[in-house]
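# Coordinate analysis (summary)
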Amino acid sequence: MKKNEFRVPHGPAGKWRPTLQLIRNPREALESWAKDYGDPFLLNALNGPVVVTGREDLIRTIHAQDPNDYAPFATGTIVPLMGSGSMLILEGDAHRRERRLVMPMFHGDRMKSYGASMQQCAKEQFSAHRERGQVVALELMTDISLEVIVRTIFGGNDRQLAVQLMNASRVVVASASPLLFFSQKTHVPFFGLSPWDRWRKAKKELFHLLDSVIEDRLKSSIPSDDILSLLCNAKYEDGQSITREHIYSELMTFLFAGHETTALSLTWAIYHLHKNSVSLSTLRNELDSLEDDSPTNLTTAPYLKAVVQETLRIHPIVTETLRKLKAPLQLGDYLLPAGMSVAPATVLAHHNPTTYPEPELFRPERFLERSYSPFEYMPFGGGHRRCIGAAFASYEMVIVLGTLLKKFEFELVDSEPVVPKRRNVTIGPSTGVPIRVIRDR
Ligand code: HEM
């Protein structure tokens with residue numbers, strides 16, 4: 001192949017069919033296309049042509065590229081969903097400025113201060129679910145991670161407000177049909193019955209609630225250090241304040257990006273641990289050896305951390321991340337023109353048998369035996385758009401799993417295998433993973 005020539009092998013023919021295959025079962029689709037057409041390959045998705053790759057060297061090139069050469073992918077679908085101030089669709093200087101403002105809110109010592117609240121949410125939610133009868137892991141984890149993000153963003157004092165926000169957010173997530181994220185053509189009303197109508201109705205209710213909370217917080221003189229207060233008082237480096245519209249977009253983004261992802265990953269962790277008795281007993285032994293379940297102790301447990309890492313490897317919640325090229329990109333042998341998009345396919349990288357022998361096996365030990373480059377392991381994406389909640393989510397997973405598994409012994413109610421299934425932009429387990437408590441420890 002001559003260099004500087006755009007001739008990436010074509011993937012599947014057509015637009016609708018491959019897009020629907022990608023929506024339905026991204027892992028199966030991407031793996032079979034990479035096998036049939038090679039890596040990289042060109043996919044003609046509904047939102048435009050995309051070069052897909054799971055190769056470490058090419059992902060490195062994509063993530064090392066100047067951020068100014070990229071635009072976010074398919075903003076046309078995201079803006080009506082999240083608002084025009086969402087970090088997901090900002091680009092260039094505005095995106096950098098936003099990340100610099102928001103990143104410290106989810107990092108370092110600040111993040112550690114959330115540990116006690118995360119643990120309290122895990123314990124209280126678990127008791128409530130247990131009292132109601134059978135515990136369904138996904139429902140439990142959704143309630144835990146939703147309460148964690150709501151408390152982190154809005155503060156933990158107003159219980160009634162937290163419950164209202166949690167209920168409204170649940171309705172918004174439930175109304176987020178995958179189609180809405182994959183084509184703007186689906187953003188059409190139809191007598192109140194279309195996915196777009198359902199989303200707009202749910203969003204309107206959450207919007208009203210957020211609006212009144214923002215209004216109160218902007219007027220309030222009581223000092224508070226939750227994320228909403230930080231946003232309301234935040235100043236960019238140039239001294240400018242963040243606009244109200246912008247605060248609304250970011251709250252929507254944090255609520256949306258920040259809880260379902262973590263809940264799905266926690267559910268997978270529970271499932272795999274209870275399908276793999278060796279991993280479960282190794283983890284139990286480690287937890288037993290800890291003096292107590294304080295967040296500080298839980299974060300020093302290496303096997304617990306490896307369980308979290310392996311869960312995010314085997315089931316990346318976002319199977320591929322996308323960037324649109326604003327300038328040509330030399331990707332290995334291929335020169336890609338501006339206007340084309342590139343997609344590091346996390347699911348292909350995470351299931352590469354050369355990097356991860358027997359990739360189908362849940363084996364946390366692999367993260368204790370060696371380290372992986374950020375182009376081999378990237379559950380939180382990479383480059384200038386790497387997830388701002390990565391440290392927060394990993395920390396939350398450690399606290400929630402450690403807290404529950406140190407205190408209780410569970411078993412799975414169903415023996416049927418659980419497989420990945422599309423939810424909206426995320427991929428989750430095909431069932432809710434019901435569990436039974438067999439012993440309090
Ligand atoms: C297990 C949990 C989570 C997973 C697997 C996850 C995964 C991801 C991925 C793959 C991306 C795209 C990165 C890219 O394009 O390269 C992303 C972006 C993002 N995530 Fe997360 N995430 C999680 C939790 C969170 C949490 C707790 C927050 C907190 C607010 C959050 C906020 C965001 C935001 C704001 C972005 C956009 C970043 C940007 O465009 O600059 N995520 N996440």
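About the criteria used
Residues numbered from 1 in each chain as written. Predicted model: local features only at pLDDT ≥ 70, side-chain atom pairs only at ≥ 80, totals over all residues. Helix = DSSP H or I, 4+ residues; strand = E, 2+ residues; numbered from the N terminus. Rg over C-alpha atoms; globule rule 2.2 N^0.38 Å. Buried ≥ 20, exposed ≤ 12 C-beta atoms within 10 Å, placed from the backbone. Contact = placed C-beta atoms within 7 Å. Pairing = 2+ DSSP bridges. Near = placed C-beta within 6 Å. Nonpolar A, V, L, I, M, F, W, Y, C, P; charged D, E, K, R; others polar. Axes fitted to C-alpha atoms, helices over the stretch in contact; angles between N-to-C directions. Parallel < 35°, antiparallel > 145°, perpendicular 65-115°, else oblique. Left-handed = near helix turned anticlockwise from the far one by under 90°. Core = buried A, V, L, I, M, F, W, Y, C linked by C-beta atoms within 7 Å. Expected span 1.5 Å × (residues − 1). Arc of directions from axis to C-beta.

### Focus: the overall build of the protein chain
Scanning the protein chain from terminus to terminus reveals 19 helices and 12 strands. Computed over the C-alpha atoms, the radius of gyration of the protein chain is 22 Å, within 12% of the 22 Å expected from 2.2 N^0.38 for a compact globule of 441 residues. For the protein chain, with 441 residues in total, the buried portion stands at 43%. In the protein chain, the proportion of contacts linking residues at least 24 apart, taken out of those at least 6 apart, comes to 71%.

### Considering the sheet that holds strand β4 (residues 135-136)
Across the sheet, 3 strands lie side by side as β4-β12-β9; this open sheet has antiparallel pairing. Each edge of the open sheet carries a strand with a single partner, namely β4 and β9 (408-412). As judged from the 5 bridges shared by β9 and strand β12 (residues 434-440), these two strands associate in the antiparallel manner. The partner of Glu409 across the bridge, within β12, is Arg439.

### Examining the site of the ligand
Close contacts around the ligand come from 25 residues, with Gly258, Thr261, Gly381, Cys387 and Gly389 the closest. When residues of the shell around the ligand are traced back to their parent elements, those giving at least two are α13 (244-275) and α19 (390-407). Looking at which element gives the most residues to the shell around the ligand, the answer is α13, with 7 residues. Per-class residue counts for the shell around the ligand are 13 nonpolar, 9 polar and 3 charged.

### Describing the packing of helix α9 (residues 159-174) against helix α11 (residues 195-219)
Running from amino to carboxyl end, α9 crosses α11 at an angle of 150°, the nearest separation of the two axes being 8 Å. By the angle between their axes, α9 is roughly antiparallel relative to α11. The two elements α9 and α11 meet at a crossing, and its hand is left-handed. Within the contact between the two elements, α9 uses Leu161, Gln164, Leu165, Ala168, Ser169, Val171 and Val172 and α11 uses Ala202, Lys203, Glu205, Leu206, Leu209 and Val213. Tallied by class, residues from the contact of α9 with α11 come to 9 nonpolar, 2 polar and 2 charged.

### Points about the nonpolar core
Grouped together as the largest cluster of nonpolar side chains are 113 residues, with contacts concentrated most on Leu251, Ala269, Val342, Val400 and Leu401. Ranked by residue count, the leading element in this core is α13, at 16 residues. If sequence neighbours within four positions are ignored, Val342 has contacts with Val50, Val51, Ile62, Arg323, Leu325, Leu329, Leu331 and Leu336.

### With respect to the packing of helix α7 (residues 115-131) against α19
Packed helices, taken two at a time, are described by the angle their axes make and the gap between the axes. Across the interface, α7 lies against α19 with an axial gap of 9 Å and an inter-helix angle of 45°. As far as their axial angle goes, α19 and α7 are oblique. Pair α7 / α19 crosses with right-handed handedness. Of the residues in α19, those touching α7 at Gly115, Met118, Gln119, Ala122, Lys123 and Phe126 are Glu396, Ile399, Val400, Thr403 and Leu404. For the contact of α7 with α19, the per-class residue count stands at 6 nonpolar, 3 polar and 2 charged.

### Quick word on the environment of Tyr303
Following the sequence through the fold, Tyr303 ends up in helix α16 (residues 302-314). Sequence spacing of Tyr303 and Glu365 is 62 residues, and the spatial spacing of their C-alpha atoms is 7.6 Å. Not counting residues up to four positions away in its chain, the partners in contact with Tyr303 are Thr282, Leu283, Glu286 and Pro364.

### Digging into helix α2 (residues 26-37)
With 12 residues, α2 should cover 16 Å at 1.5 Å per step; its first-to-last C-alpha distance of 16 Å lies within 8% of that length. Within α2, the full set of buried residues consists of Pro26, Arg27, Ala29, Leu30, Trp33 and Ala34. One side of α2 carries all its buried residues, which in axial view fall inside an arc of 165°. Away from its buried face by more than 90 degrees, α2 exposes Lys35 and Asp36. Close packing links the buried residues of α2 with α1 (16-24), β1 (41-45), β2 (48-53), α17 (346-350), β10 (420-422) and β11 (427-429).

### A few points about the sheet that holds β2
Hydrogen bonds between backbone groups are what pair the strands of a sheet, and the pairing can be parallel or antiparallel. If you trace the 5 strands from one edge of the open sheet to the other, you get β1-β2-β8-β5-β3, paired in mixed fashion. At either end of the open sheet lies a strand with only one pairing partner, and these are β1 and β3 (70-72). Each strand of the sheet is rotated relative to its neighbour by a mean of 35°, with strand direction disregarded. Alignment of β2 against strand β8 (residues 341-344), held across 4 bridges, turns out to be parallel. Within β8, the residue paired with Val51 across the bridge is Val342.

### Quick notes on α16
Here α16 contains 13 residues, and its C-alpha end-to-end distance of 18 Å stays within 8% of the 18 Å for a straight helix at 1.5 Å per residue. Along α16, the residues that are buried comprise Leu304, Lys305, Ala306, Val307, Val308, Glu310, Thr311, Leu312, Arg313 and Ile314. The inward-facing, buried residues of α16 abut α13, α14 (277-288), α15 (295-298), α17, α18 (366-369) and α19.

### A short note on the pairing of β2
Within a regular beta strand, the side chains point alternately toward one face of the sheet and then the other, so they alternate between its two faces. Bridge count for β1 against β2 is 5 bridges, and the pairing is antiparallel. When the sheet's bridge partners are listed, Phe41 is paired in β2 with Val52.

### Concerning unusual backbone geometry
With omega at 10°, the peptide bond leading from Asp39 into Pro40 counts as cis. Mapped onto the elements of the fold, Pro40 is located in the loop between α2 and β1. In the Ramachandran plot, Glu358 falls in the positive-phi region, its phi being about 50° despite a non-glycine side chain. Position of Glu358 among the secondary structure elements: in the loop between α17 and α18. The phi dihedral of Val433 is positive, around 60°, even though this residue is not glycine. Its place among the elements puts Val433 in the loop between β11 and β12.

### What about the pairing of β12?
For β4 and β12, the ladder comprises 2 bridges, and the chain directions are antiparallel. Directly across from Val136, in β12, lies its bridge partner Pro434.

### Structural notes on the environment of Glu98
Residue position: Glu98 is located in helix α5 (residues 92-102). Not counting residues within four places of it along the chain, the set of residues in contact with Glu98 comprises Met87 and Leu90.

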